[in-house]
Amino acid sequence: MNMQCTSITSYNKCLTPAVWDFPNITRPFSIMYYVLGGSAFYTFDGVEKPFEKGHLYILPANKTYSLREDPSDKFYSVYIHTYTSPEIDSVIDIDVQADGFLKDTLELIGRYAQEAESGYLYHLTNMLLSYLAGREAMARPQLPERIKEYINSNFVRVFKHNDLSHHFNYSRPHLTRVFKEKYDLTPKQYAQQLVLQEALFLLREGGSVAEIAERLAFSSPENFSRFFKACYGYAPTEYLKRFKDFPL
């Protein structure tokens, strides 16, 4: 996959401003940070992680995340706000010290960012993104495996809302086709299997129909019971009576 920088809106090599605390922000561009020092953190998908010195981070466009720092240890970085094509859809975190090309390129980017050389900066950022796209393509799992991994962690969301196209930045028909070619199921069918497995597990763990319906995001216990019966042939409580001693 090719990746390009289409424009740069802001850049610098500097400490953060006096207050650097941004909860739940969404930006139409990606933000690149080459970390030079300080103590700061980002939160994405509910998980907070530190910015590590010597790492390059690229935060995704049009996704929600949070940023904060320790005010007593100001965050020092080279940063670039950049629009890319295609958009970057997840956090990229790379140890730059382990890659000589990246380290040299980012040192140049830092110099031109501080000297306000936007022309050179644009070309260097393009070169960097192209290199990262090639490197990531070689190391990253193929799309069907990535879809499956996402569904494994978000099966209720996928089953209810089928938000894969938003997450992966591909059309729903394309995602359905590549997944079915690999696994002989559509993403929604696979998510449904996981919902049913979770429903059985919770039922055998003593969960009530109302509790399970709420946990699996059904609008009512009655809707959950109808769904369960359509799939298994019995309502949840009846199924448990008949098959409580059967292995899952």
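Use the structure listed above.
Source: prediction; values computed, not measured.

Undergrad: Which parts of the structure should I look at to understand the overall build of the protein?
TA: Each helix and strand counted, the protein has 10 helices and 9 strands in total. Dimensions of the protein, computed from the C-alpha atoms along their principal axes, are close to 75 × 45 × 30 Å. Sequence-distant contacts, at least 24 apart, represent 71% of the contacts inside the protein between residues at least 6 apart. As displayed, the protein has an accessible area near 13,500 Å², and 50% of this comes from carbon and sulfur atoms. For the protein, the separation between the mean place of its 27 positive charges and that of its 29 negative charges on side chains is 8 Å.

Undergrad: I keep staring at the state of the cysteines and nothing clicks. Help me out?
TA: Disulfide: a covalent bond formed between the sulfur atoms of two cysteine residues. Applying the stated criterion across every chain yields a total of 0 disulfides. The thiol of Cys-14 is unpaired, and the distance to the nearest cysteine sulfur, on Cys-5, comes to 18 Å.

Undergrad: Please clarify how the pattern of salt bridges should be interpreted in this entry.
TA: Side chains that differ in sign of charge can pair as their charged atoms come close. One pass over the structure, following the stated rule, counts 8 salt bridges. Across the salt bridge formed by Glu-48 and Arg-68, the nearest N and O atoms sit 2.8 Å from each other. Of the two residues, Glu-48 sits in strand β5 (residues 47-50) while Arg-68 sits in strand β7 (residues 64-69), which places them 20 residues apart along the sequence. Glu-48 sits in the partly exposed class, given a relative accessible area of 40%. For Asp-163, the salt bridge goes to Arg-157, with nearest N and O atoms at 3.7 Å. Exposure remark for Asp-163: the relative accessible area of 15% places this residue in the buried category. For Arg-157, a relative accessible area of 46% gives the class partly exposed.

Undergrad: Just checking my understanding: could you explain helix α1 (residues 100-114) for this structure?
TA: Three or four residues apart is the spacing at which side chains of an α-helix point the same way, because the helix has 3.6 residues per turn. A rise of 1.5 Å per residue sets the reference length of α1, with its 15 residues, at 21 Å; its end C-alpha atoms lie 21 Å apart and thus fit the reference within 8%. The backbone nitrogen of Phe-101 has a side-chain oxygen 3.1 Å away, supplied by the residue at the start of α1, namely Asp-99. Note on α1: the residue one or two positions beyond its end, Ala-116, has a positive phi of about 60 degrees.

Cut-off values and rules
Residues numbered from 1 in each chain as written. Predicted model: local features only at pLDDT ≥ 70, side-chain atom pairs only at ≥ 80, totals over all residues. Heavy atoms only, no water. Helix = DSSP H or I, 4+ residues; strand = E, 2+ residues; numbered from the N terminus. Contact = heavy atoms within 4.5 Å. Areas by Shrake-Rupley, 256 points an atom, 1.4 Å probe, with all protein chains shown as cover. Lys, Arg positive; Asp, Glu negative; His and termini not counted. Charge placed at Lys NZ, Arg CZ, Asp CG, Glu CD. Disulfide = S-S within 2.5 Å. Salt bridge = Lys/Arg side-chain N within 4 Å of Asp/Glu carboxyl O. Buried < 20%, exposed > 50% of the residue type's maximum accessible area, 1.4 Å probe, protein only. Expected span 1.5 Å × (residues − 1). Polar contact = N/O pair within 3.5 Å; in protein donor to acceptor, adjacent residues only side chain to side chain.

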